[in-house]
Amino acid sequence: MTNPDRPAAWGILPAEWKPLCAEMGIPAYRSAQILNGLYQQFAQSWHDITTLPKELRETLAQRVTLAPLRVEAVQDSPDGVQKLLLACADGERVETVMIPSKGRLTQCISTQVGCSFKCAFCASGRHGRVRDLTADEIVGQVMAACELMRPAAAGNDAGQESPARLGGAKPALPRPGNIVVMGMGEPFDNYDNTLRALRILNDQKAVSIGARHITVSTCGVVPGIRRFAEEGIQFELSVSLHAPHDVLRDRLMPVNRRWPVAELVAACRDYFEKTGRVVTFEYTLIKNANDRPHHTDELIRLLRGMPCKINLIPLSPVEGFDGKCPDERTCLAFLDTLLKAGFNTTLRKSRGKEVSAACGQLRLRAQTGGGA
């Protein structure tokens, strides 16, 4: 974690920099140079921002923490997916995954070290929740990706071929175009830090990622969904459903014992009524567990009349969970039934198996001495 006695640079909203400068005796106009140094130059220390006078850089170094997450391991998949294991200042590790697709890059970020919700097929919760990430550490994952992509972007400007991690794209600035908060941890269990980080990532004076290109995924924390509906910002909401009834969802997702399916879906319906934003339901297909025709029928009845999207995800292998991925015919039949029922449904292509892209697996192996 960052020094509690000093604010952390990447956790400060752009609008907060002017008053903070005034507090430090720094002219207000310097705030624009600071923001440029942090989010356009991707400064790794205050001394990197050479547009600022040396004495001002020294003042900032003494008063505001700028502590990049250390890249401890990088795994590359043949399909272009790249997974990073990042070390925080206190030595705790988190994961972020970069997924190239059709000339754009999506980054999956984490909000906690570990997770307390213990979903059956998620490695993040195997050892429980260690601590929340600060807003600075959440933004820091994106900055680590930007720093990693910077040499590639420079190569592109020189006419070199785009690397796999950029998906063949040639961005004006090396940064992801989409953010999905689907990594380690439950975002609504760390609500304030998560929303502060997302506002920084969205702000045009910071990372400038469009609100509709930022998706928050919850395992079904109903109070968080209801609070999220009041934010007045156009972030997307994704809900991990994975089962159409309580008996099965209790087994797969213990969070359901606290907020059952009916309560969860009611909150999602209210969210749509309040915001006009369509909720995406994630549904991982597990062989003989939730992929039978009667499960499709139950899902249709559960969501009927609600504007929503359904994202079907064939199960990826997860250490410690003995579920299997259904065959392609079963997945396509599930998809076809939902489409015929009028639901906007997609079947996600499995990506990143070679780098164990499912949440928490790289950290878990590093913890247990399995290496990266």
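All of the points below concern the structure found in this document. Position numbers for residues start from 1 in each chain and track the written sequence from start to end. In keeping with the predicted nature of the model, local features appear solely for residues at pLDDT of at least 70, side-chain atom pairs appear and are counted solely at 80 or more, and the whole-chain, interface and lining totals rest on all residues. Heavy atoms throughout the structure, all of them, feed into the side-chain values; hydrogens and water do not.

## Some details on unusual backbone geometry
Among all residues except glycine, the phi angle is most often negative; among peptide bonds, the trans geometry is most common. Applicable threshold: Helix and strand assignments follow DSSP, with helices taken as H or I runs no shorter than four residues and strands as E runs no shorter than two, numbered in order from the N terminus. Note on classification: 1.4 Å probe, protein chains only; a residue is buried when its accessible area is under 20% of the maximum for its type, exposed when over 50%, partly exposed between these limits.
Of note, the phi angle at Phe42 is positive, near 55°, even though the residue is not glycine. Mapped onto the fold, Phe42 is located in the loop between helix 2 (30-39) and helix 3 (54-63). The phi torsion at Ser208 lies on the positive side, around 60°, for a residue other than glycine. Mapped onto the fold, Ser208 is located in the loop between helix 5 (191-202) and strand 8 (214-218). Take Ser208: its relative accessible area is 39%, and that puts it in the partly exposed class.

## Overview of the nonpolar core
We count it as follows: To form a nonpolar core, buried Ala, Val, Leu, Ile, Met, Phe, Trp, Tyr and Cys residues must be joined to one another through side-chain atoms within 4.5 Å.
Counting 103 residues, the largest nonpolar core has Trp17, Tyr39, Trp46 and Leu60 as its most contacted members. Take this core: its biggest share by element is nine residues, from helix 4 (residues 135-157).

## Quick notes on the side chain of Gln107
Defined as follows: Side-chain atoms alone can form a polar contact between residues adjacent in sequence; in general such a contact is a pair of N or O atoms within 3.5 Å, and within protein one must be able to donate a hydrogen while the other accepts it.
Relative to the helices and strands, Gln107 resides in strand 4 (residues 104-108). On the basis of relative accessible area, Gln107 is assigned to the buried category, the value being 0%. Here the side chain of Gln107 touches Thr96 through a polar contact of 2.8 Å, side chain to side chain.

## Here we look at the pattern of salt bridges
Spelled out, the test is: Whenever a carboxyl oxygen of Asp or Glu lies within 4 Å of a side-chain nitrogen of Lys or Arg, that contact is scored as a salt bridge.
Counted under the stated rule, the structure contains 15 salt bridges. The residue Lys274 makes a salt bridge to Glu230 at a minimum N-O spacing of 3.5 Å. Residue Lys274 is found in helix 8 (residues 261-275), and its partner Glu230 is found in the loop between helix 6 (222-228) and strand 9 (236-240); the two are separated by 44 residues along the sequence. The pair formed by Lys274 and Glu230 is uniform in burial state, with each residue classed as exposed. Each member of the salt-bridge network shares a partner with another, and the members are Arg70, Glu72 and Arg93.

Function cannot be read off these values alone, since they describe shape.
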